[in-house]
Amino acid sequence: MLTFRKAVPQDEEALYAICLATGDAGKDASHLYADDKIVGNIYAVPYLHLCPDSAFVAEDGKGVCGYIVGATDTAAYQERLEQAWWPKLRELYPLAEDEANALPEEHRKRVAFIHQPSPMPASVLQNYPAHIHMNLLSRARGTGGGSRLLSMWVEMARSKNIPGIHLGANPENRNGIAFWQSRGFSPLAGMPPGTAWFGMSWGA
């Protein structure tokens, strides 16, 4: 049986672990990276530090098994990352070409992103100013946990008069994409290739 609550600082290691365990289109991504924490350092843990009020977890008898994190104001969040998060990661993951050539391709891509993040286009933020990331371990899938986490996040966003949210998914994660579309997310046109982008709005 799953229970749901706000994330707390003590959940940090669980977020790292879940992000890595689901980071390859919903499957384990540990073989893709030279550092077990690099994906969590981009897509999960910074929200726990910078947006703690919009981070929730699902828990079962074995511990935390899923999370949803995000920012209600993506533009402001991107600025906070630049001020308070990316600098230390750029020291941790330097752009050293000689060393980088020996690293896995996906690892190198994430390092490049840390040093030069891609801001979300203003045209998207106009209607979908918030964004989310959600992942569940395989044991928590098919239990309704994803729907519950999403509902908690949307309820929180609507209480703050946020008109819509967006998210990016791996195009190969067909189950994940099917989930988002079944929950009211629509594909966003004109976005850069490599990621499937979706948005859902309900009006402020």
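Provided above is the structure to which this section pertains.
Just so we're clear, the structure is a prediction, and the values are computed from it rather than from any experiment.

Engineer: Explain helix α1 (residues 12-21) here, please?
Structural biologist: Residues three or four positions apart in an α-helix share a direction because the helix packs 3.6 residues into each turn. Listing the buried residues of α1 in full gives L15, Y16, I18, C19 and L20. Buried residues along α1 sit against α2 (38-43), α3 (45-50), β2 (55-60), β3 (63-71) and β4 (130-136).

Engineer: What am I meant to see in the state of the cysteines here?
Structural biologist: Linking two cysteines covalently via their sulfur atoms produces the bond known as a disulfide. Evaluation of the coordinates by the stated rule reveals zero disulfides. C51 supplies the cysteine sulfur nearest to C19, a cysteine that is in no disulfide, at a spacing of 15 Å.

Engineer: Looking at this structure, I do not really get the pairing of β4. What am I missing?
Structural biologist: A regular strand carries its side chains on alternate faces of the sheet. Counting buried positions along β4 yields six of seven residues, so the element is predominantly enclosed. Two strands pair when backbone bridges link them, and β3 and β4 are joined in this way by six bridges, in the antiparallel orientation. Each residue of the ladder has a partner; that of G66, found in β4, is L136. Two elements, β4 and strand β5 (residues 164-169), share two bridges in a ladder whose sense is parallel. Note on β5: the bridge partner recorded for A130 is I165.

Engineer: Could you clarify how one ought to interpret the layout of surface pockets in this entry?
Structural biologist: Space left empty within the atom packing is revealed by a probe, the size of a water molecule, rolled over the atoms. Put simply, the second largest pocket is a space of about 160 Å³. As for the second largest pocket, its lining consists of L50, C51, P52, D53, S54, A71, T72, D73, A76, Y77, R80 and K160. No other element matches the three residues that helix α4 (residues 74-84) contributes to the lining of the second largest pocket. Residues belonging to the lining of the second largest pocket are distributed by class as follows: six nonpolar, two polar and four charged.

Thresholds applied
Residues numbered from 1 in each chain as written. Predicted model: local features only at pLDDT ≥ 70, side-chain atom pairs only at ≥ 80, totals over all residues. Heavy atoms only, no water. Buried < 20%, exposed > 50% of the residue type's maximum accessible area, 1.4 Å probe, protein only. Helix = DSSP H or I, 4+ residues; strand = E, 2+ residues; numbered from the N terminus. Contact = heavy atoms within 4.5 Å. Disulfide = S-S within 2.5 Å. Pairing = 2+ DSSP bridges. 1 Å grid on protein atoms, 1.4 Å probe; cavity = no way out; pocket = protein on both sides within 12 Å on 5 of 7 lines; lining within 4 Å. Points joined across faces, edges and corners; volume = space filled by probe spheres on them. Nonpolar A, V, L, I, M, F, W, Y, C, P; charged D, E, K, R; others polar.

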